[in-house]
Every structure is written in structure tokens, then in C-alpha cells.
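Examination of the molecular architecture
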Amino acid sequence: MKQKIACITGSSRGIGKAIALCFAQDGYDVVLNCRNSISQMEQLKSEIETTYSVRCMGICADVSVPEQAAHMFQSIASEFGEIDVLVSNAGISFFGLISDMTPLEWQNVINTNLSSAFYCCKEIIPSMVAKKSGRILMISSIWGSCGASYEAAYSAAKGGLNTFTKALAKELAPSHIPVNAIACGVIDTEMNAHLTAEEMQALIDEIPACRLGTPEEVGQLALLLSKAPEYLTGQIITMDGGLL
Ligand code: NDP
């Protein structure tokens, strides 16, 4: 039986890393990606290869740039194989008043959190449609459902990602390719490192589960969704400790 391949964008650390480890532990060959943090990605690649005895490829590419995303998927196809599961996880946050945000900063947030999903999907969809199988999962945010002050661009991007997920699911359902998203609440990663201890505690006080989520919990859910019945498609699955 052909070994399955999962590609996780933005997987040098945080949620993407945890997702990659979950898929590797389950026996998937794994493609890692990051933009800058190459040494972290290489370290994870060695860990995956030695611990789980699966193949692992690490590719440095900025998935918010269409040419780099296209080149990345061409390299994966020629050097590694056809992708069975794409997890579009790469993302950045921007915290600040909308009136202080420059158009360039806006574009960067939209391109990294939303357009990157389009660039990556565009590259892998033809091979998935040809074999009528595959899975696509977006890593979104609860702010894409309800909006967050000081994070208007990020909220807009994740809201767009949610609707992109629903629309793409309709387009790909006839080809037996489920498309879903996980809308994360507050997860304990470097993305929240800018928060002070007081701000973090105030946030935790609002979460019914009384704690942040862990990247490993998102990884476990991502793997579960990769095994879910294909009739589950077009869903934005909220994982937020009861916050919303
Ligand atoms: P981290 O900042 O910890 O990790 C982000 C990862 O994405 C890094 O590997 C980073 O690599 C990579 N990355 C960023 N931009 C690009 C790019 N243009 N091209 C390729 N790789 C890129 O973030 P998290 O793990 O917390 O976030 C992962 C996803 O989860 C994001 O989409 C985020 O929006 C979402 N999310 C996170 C929440 C949280 O509370 N942490 C809550 C809700 C959603 P490099 O450093 O090399 O750029």
C-alpha cells in the first residue's frame, strides 16, 4: 500500500509542528514548511525521521508568495510524491489599531493567512481531483467567526478563510475531497508571546476551560479529521475551551 503523505505549511514550531508530529506518529510521511526558521524545521525533520521511521522533507518557502508556493509543490511532486493531506496552517498575527495599520501590513496579514491557502490549494487540487481522493484542512481562528478588536485584519483574513473553506468544500465534494477548518481559540504558542502576564491571565479568566489550548490538542483534532467520514465537509470546527 502507498505510504500517505501529509504536507503542513508553517510547521517549524507551534501548532504546525504539533500537527506534523501527530501525522508522523500515525505513520504518514510528512512535508514540513517554514519561511525563516530553517534550523528549527531541520531539527524537527531529524526528530520525525529518527522517532517515527517515516520519510520527512523540509522546504523553506514563503507560502504568501504565489511563485514560491508553486515552486514548493513542484519540488514536493518531483522529489517526494503526491500529497494526500494538505494542512494550510501558516499564519501571522497583527495586533494594533486599524488606524495605525499600513496598507502593506494589511496585505501581509491577508496574504499570509488567507491567500496562502488559495496558492497552496491551487497547486494540489489537480492531482487530488485526478485520483478523486485527498483531504484539505485549514487552521483558522475563532476571531474569523466573531472578530477581535485590535486584530481586524487577522479577523478578516480568518473570516475569509472560513468562507473559502465552505465554498471549496462544495466545489470538491463531487471529487470526494473533504475540506474543513479548525477555528482555534487561544493556543499556547509563540503567536501569543506579545501578551503580558496580566493580559494572558485576563484572557484565561474568560475561558470556561480555565486554560489555554495546547498545540498537541490541535494536532490530535487535525489527525482525527483526516480520518473522519468524507460526508463531513465544509465545516468550521471550533476548538476554544468553550470561549465563544
Ligand atoms: P507560530 O507563530 O508559533 O508559528 C507560525 C508558523 O508559521 C511558523 O512555523 C512560521 O515559520 C510559519 N509561517 C509564518 N508565515 C509563513 C509564510 N508566509 N510561509 C511559510 N511559513 C510561514 O504560530 P501558531 O502555531 O500559533 O499558529 C499557527 C496557525 O494557527 C496560524 O494560522 C494561526 O493564525 C492559527 N491560530 C493560532 C492561534 C493561537 O492562539 N496560537 C489561535 C487561532 C489560530 P517562520 O518563522 O519561518 O515564518
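The sections below set out a description of the structure shown in this document. (Residues numbered from 1 in each chain as written. Predicted model: local features only at pLDDT ≥ 70, side-chain atom pairs only at ≥ 80, totals over all residues. Heavy atoms only, no water.)

1. Thoughts on the overall build of the protein
What counts here: Numbering of helices and strands runs from the N terminus; a helix is a DSSP stretch of H or I covering at least four residues, while a strand is a stretch of E covering at least two. Both definitions apply: the radius of gyration is a C-alpha atom measure, and the globule rule equals 2.2 Å times residues to the power 0.38. The buried label applies to any residue whose accessible area, calculated with a 1.4 Å probe on protein chains only, is under 20% of its type's maximum; exposed applies above 50%, and partly exposed to all values in between. What makes two residues a contact is simply this: any of their non-hydrogen atoms within 4.5 Å. Per-residue and other accessible areas were derived by the Shrake-Rupley procedure at a 1.4 Å probe size, with only the shown protein chains allowed to occlude residues.
A count of helices and strands for the protein gives eight helices and seven strands. Taking 244 residues into account, the globule formula puts the C-alpha radius of gyration at 18 Å, and the protein, at 17 Å, falls close to it. Expressed along its principal axes, the backbone C-alpha trace of the protein runs to roughly 50 × 40 × 35 Å. The burial tally for the protein puts 51% of its 244 residues in the buried class. For the protein, contacts bridging at least 24 residues in sequence account for 73% of all contacts bridging at least 6. Total accessible area on the protein is roughly 11500 Å²; 55% of this is exposed by carbon and sulfur atoms.

2. So, the site of the ligand
Quick note on the threshold: Near, as used in this document, describes a residue that has one of its heavy atoms within 4 Å of the molecule or strand being considered. Throughout this description, a polar contact denotes any pair of N or O atoms lying within 3.5 Å of each other; where both atoms belong to protein, one of them has to be capable of donating a hydrogen while the other can accept it, and for residues adjacent in sequence the pair is counted only when both atoms sit in side chains.
As a structural note, the neighbourhood of the ligand is formed by 34 residues, with Ser-12, Asn-36, Asn-89, Tyr-154 and Thr-189 the closest of them. Interatomic distance of 2.9 Å between a side-chain N/O atom of Arg-13 and an oxygen atom of the ligand. Relative to its unbound accessible area of 890 Å², the ligand is 96% covered by the protein chains. Contributing elements (two or more residues each) for the shell around the ligand: α1 (14-25), β2 (29-34), α4 (103-131), β5 (135-141) and α6 (152-172).

3. A few points about the packing of α1 against helix α2 (residues 38-52)
Using the following cut-off: Axes, fitted as lines to C-alpha atoms, cover a helix only where it is in contact. Angles between the N-to-C directions of the axes lie from 0 to 180 degrees. Throughout, the term roughly parallel applies to angles under 35 degrees, roughly antiparallel to angles over 145, roughly perpendicular to angles from 65 to 115, and oblique to all others. Handedness of each helix crossing follows the sense of rotation of the near helix against the far helix: counterclockwise by less than a right angle gives left-handed, clockwise gives right-handed. Residues are grouped as follows: Ala, Val, Leu, Ile, Met, Phe, Trp, Tyr, Cys and Pro are nonpolar; Asp, Glu, Lys and Arg are charged; every other residue, Gly included, is polar.
Where α1 contacts α2, the two axes come as close as 10 Å, and the packing angle between them is 20°. Taken together, the axis directions place α1 and α2 in an arrangement best described as roughly parallel. When you trace α1 past α2, the crossing you get is right-handed. For the pair α1 and α2, the contacting residues are Lys-17, Ala-20, Leu-21, Ala-24 and Gln-25 in the first and Leu-44, Glu-47, Ile-48 and Tyr-52 in the second. Across the contact of α1 with α2, the residue classes tally to six nonpolar, one polar and two charged.

4. Topic: a nonpolar patch on the surface
This is how the line gets drawn: Any residue with relative accessible area above 30% and no salt bridge may belong to a patch, with like charges joined within 9 Å and the nonpolar Val, Leu, Ile, Met, Phe, Trp and Tyr side chains within 5 Å. For this analysis, a salt bridge means a side-chain nitrogen from Lys or Arg found within 4 Å of a carboxyl oxygen belonging to Asp or Glu.
Together, Phe-95, Leu-97 and Tyr-150 make up an exposed nonpolar region whose accessible area comes to about 310 Å². The class for Leu-97 is partly exposed, based on a relative accessible area of 44%.

5. A short note on the sheet that holds strand β6 (residues 179-184)
The strands that make up a sheet are held in pairs by hydrogen bonds between backbone atoms, and each pair lies either parallel or antiparallel. Note the cut-off: Being paired, for any two strands, means DSSP has found at least two bridges between them.
The strand order across the open sheet formed by seven strands is β3-β2-β1-β4-β5-β6-β7, and the pairing between neighbours is parallel. The open sheet has two free edges, formed respectively by β3 (56-60) and β7 (236-239), since each of these has just one partner strand. Within the sheet, the average angular offset between the axes of one strand and its neighbour, ignoring direction, is 15°. As paired strands, β5 and β6 are joined by six bridges and run parallel to one another. Across the sheet, residue Leu-137 finds its bridge partner in β6, namely Asn-180. The sheet contacts of α4 involve β4 (85-88) and β5, and relative to β5 the element is tilted by about 165°.

6. Quick word on α1
Definition in use: Multiply 1.5 Å by the residue count of a helix minus one, and that product is the helix's expected span.
Helix length check: α1 (twelve residues) gives 17 Å between terminal C-alpha atoms against 16 Å at 1.5 Å per residue, within 8%. For α1, a buried count of nine out of twelve residues is recorded, marking the element as mostly surrounded by other parts of the structure. Every buried residue belonging to α1 is among Ile-15, Gly-16, Ala-18, Ile-19, Ala-20, Leu-21, Cys-22, Phe-23 and Ala-24, and all of these are buried. Within two residues after α1, Gly-27 carries a phi angle of roughly 100°, on the positive side.

7. Looking at the packing of aromatic side chains
Using the following cut-off: Between the rings of Phe, Tyr and Trp (Trp by its six-membered ring), a pair exists once the centres lie within 6.5 Å; its type follows the angle of the planes, with under 30 degrees stacked, over 60 edge-to-face, and the other angles tilted. Definition used: whenever NZ (Lys) or CZ (Arg) falls within 6 Å of the ring centre and also within 35 degrees of the ring normal, the charge is taken to sit over that ring.
According to the stated counting rule, one finds three aromatic pairs in the structure shown. Taking 4.9 Å as the distance between ring centres and 80° as the angle between the ring planes, the aromatic pair formed by Phe-23 and Tyr-28 counts as edge-to-face. For Phe-23, a relative accessible area of 0% puts it in the buried group. Judged by relative accessible area, Tyr-28 falls into the buried class, the value being 7%. A ring pair is formed by Phe-118 and Tyr-119, whose centres lie 5.5 Å apart and whose planes are at 50°; its orientation type is tilted. Positioned above the aromatic ring of Phe-80 is the side chain of Arg-55, whose terminal nitrogen or guanidinium carbon lies 4.0 Å from the ring centre.

8. What to know about the pattern of salt bridges
All chains considered together, the criterion is met by seven salt bridges. The residue Lys-45 makes a salt bridge to Glu-49 at a minimum N-O spacing of 2.8 Å. On the criterion of helical spacing, the pair formed by Lys-45 and Glu-49 is a turn pair, its members being four residues apart in helix α2.

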